[in-house]
Amino acid sequence: MRPLPSGGRKTRGISLGLFALCLAAARCLQSQGVSLYIPQATINATVKEDILLSVEYSCHGVPTIKWMYSSNWGMQKIVEWKPGTQANISQSHKDRVCTFDNGSIQLFSVGVRDSGYYVITVTERLGSSQLGTIVLHVSEILYEDLHFVAVFLAFLVAVAAVLISLMWVCNKCAYKFQRRRRHKLKESTTEEIELQDVEC
């Protein structure tokens, strides 16, 4: 095999060097990139429901995941953890949060006060991070209100039925009282007529 001319070796060495440099730069940029995917950015729920705040992330290494809650009452930390380790759950959400290695959390038995913005931060070991937000709206259960209205209407119908029955009984009593009075009046008038006849 014949050696290449010295000019060809230089250009080939430079192109290999540039290729290696570009590969290293791409690898370096990849290691600092965090991507975050939120399949459902708005969630509507009812009281006492269990809610999954679902996310997925991709990055190199093990990131730190932090969930914050923001509402009219202020901002507070919910949980912070690294996948594979125990989560540091805030006192306000103890026994109400379950964490998953993909970054998702589940909230148990939500209430109206849980409505607001849930902010997730995924931070890579080298410092790059990505933010995402999920809006949660929790409303009262409608059928409980309808149940109250139905019970109230049933109560009103029962009261109306009792009042109608009482009115019917009163009407019958009044009718009998009037019949007796008429009968007594007839007897008294016939006695007066008979007395007048006797006197004459």
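How each quantity is defined
- Residues numbered from 1 in each chain as written.
- Predicted model: local features only at pLDDT ≥ 70, side-chain atom pairs only at ≥ 80, totals over all residues.
- Heavy atoms only, no water.
- UniProt positions renumbered as here; feature names shortened; annotations may be inferred.
- Salt bridge = Lys/Arg side-chain N within 4 Å of Asp/Glu carboxyl O.
- Buried < 20%, exposed > 50% of the residue type's maximum accessible area, 1.4 Å probe, protein only.
- Pairing = 2+ DSSP bridges.
- Helix = DSSP H or I, 4+ residues; strand = E, 2+ residues; numbered from the N terminus.

The protein chain has the name V-set and transmembrane domain-containing protein 5 in an unreviewed UniProt entry, where Cebus imitator is given as its organism. The heading Subunit (unreviewed entry) in the UniProt record of the protein chain holds the text "Can homooligomerize through cis interactions within the same cell membrane."

The next point concerns unusual backbone geometry. Residues other than glycine seldom take positive phi values, yet Asp95 does so here, at roughly 65°. Of note, Ser109 is a non-glycine position whose phi angle comes to about 50°, a positive value.

Bringing the pattern of salt bridges into the picture now. Tallying each qualifying case throughout the model produces 2 salt bridges. Put simply, Lys77 and Glu80 hold a salt bridge, and the shortest N to O gap is 3.4 Å. For Lys77, a relative accessible area of 29% translates into the label partly exposed. Owing to a relative accessible area of 28%, Glu80 belongs among the partly exposed residues under this scheme.

What follows covers the sheet that holds strand S2 (residues 42-46). Taken in spatial order, the 6 strands of this open sheet run S2-S11-S10-S5-S6-S7, and their pairing is mixed. Bordering the open sheet on either side are S2 and strand S7 (88-89), each of which pairs with just one other strand. Here strand S10 (residues 116-123) pairs with strand S11 (residues 129-139) via 8 bridges, running antiparallel. By the bridge assignment, Val119 is partnered in S11 with Thr133.

Attention now goes to the pairing of strand S5 (residues 64-71). One ladder, built from 7 bridges, connects S5 with S10; its direction is antiparallel. Considered in S10, the bridge of Lys66 is made with Thr121. As defined by bridge partners, S5 adjoins strand S6 (residues 74-81) across 7 bridges and the pair is classed as antiparallel. When the bridges of S6 are listed, Tyr69 appears paired with Gln76. Where S5 folds back on S6, the antiparallel hairpin that results is connected by 2 residues.

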